Amino acid sequence: MVESDRHFLTLVRYVERNAQRAGLVKQAEDWPGSSVYARLYGNEKAKQLLSRWPVATPKDYLPKRVPDTVLPPHRSPSLPDSVLPPESIVETRS
């Protein structure tokens, strides 16, 4: 049972950072199968699969990236070349 807004955010951070803790990516939002990835980079279909949070997302929820290292989500610097997001989740850029 989630007891407070703060507890909810702690639980969500724990779940969304599993791939990061496992060493699969440098940043949690780089894992293509995560909800944080879908919220940031997903198309409308992917975003509709996510539940609306019962609390506001804190401004500091995700760490800020260094601008010169940001790449499109399908070529993230922390994703191995063999890991690419599914086309059904990510809109391709032409």
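Definitions and limits used
- Residues numbered from 1 in each chain as written.
- Predicted model: local features only at pLDDT ≥ 70, side-chain atom pairs only at ≥ 80, totals over all residues.
- Heavy atoms only, no water.
- Salt bridge = Lys/Arg side-chain N within 4 Å of Asp/Glu carboxyl O.
- Helix = DSSP H or I, 4+ residues; strand = E, 2+ residues; numbered from the N terminus.
- Buried < 20%, exposed > 50% of the residue type's maximum accessible area, 1.4 Å probe, protein only.
- Phe/Tyr/Trp six-rings, centres within 6.5 Å; stacked < 30°, edge-to-face > 60°.
- Lys NZ or Arg CZ within 6 Å of the ring centre and 35° of its normal.

1. Some thoughts on the pattern of salt bridges
Moving on, step 1. Overall, the coordinates contain 1 salt bridge when judged by the stated rule.
Moving on, step 2. Arg39 is the partner of Glu16 in a salt bridge, and the nearest nitrogen-oxygen pair spans 2.7 Å. Placement of the pair is Glu16 in helix H1 (residues 5–16) and Arg39 in helix H3 (residues 35–41), with a sequence separation of 23 residues.
Moving on, step 3. A relative accessible area of 6% means that Glu16 is categorised as buried.
Moving on, step 4. According to the relative accessible area criterion, Arg39 is partly exposed, its value standing at 27%.

2. Describing the environment of Ala19
Moving on, step 1. Within the fold, Ala19 resides in helix H2 (residues 18–21).
Moving on, step 2. Each C-alpha atom, one on Ala19 and one on Ser34, is 8.4 Å from the other, the two residues being 15 residues apart in sequence.

3. As for the packing of aromatic side chains
Where two aromatic rings form a pair, the distance of their centres and the angle of their planes describe that pair.
Moving on, step 1. Using the criterion set out here, one finds 3 aromatic pairs in the structure.
Moving on, step 2. Seen from their ring centres, Phe8 and Trp53 are 5.5 Å apart, and the 80 degrees between their planes marks the pair as edge-to-face. Taken together, the positions of Phe8 in helix H1 and Trp53 in the segment after helix H4 (44–48) put the pair 45 residues apart, joining distant regions of the chain.
Moving on, step 3. Of the residues examined, Phe8 reaches a relative accessible area of 16% and is grouped as buried.
Moving on, step 4. For Trp53, a relative accessible area of 18% puts it in the buried group.
Moving on, step 5. Aromatic ring contacts, followed pair by pair, group Phe8, Trp53 and Tyr61 into a single cluster.
Moving on, step 6. Its guanidinium or amino end placed over the ring of Tyr61, Arg17 lies 5.9 Å from that ring's centre, counting from NZ or CZ.
Moving on, step 7. Positioned over the ring face of Tyr14 is Arg21, at 4.3 Å from the centre of the ring.

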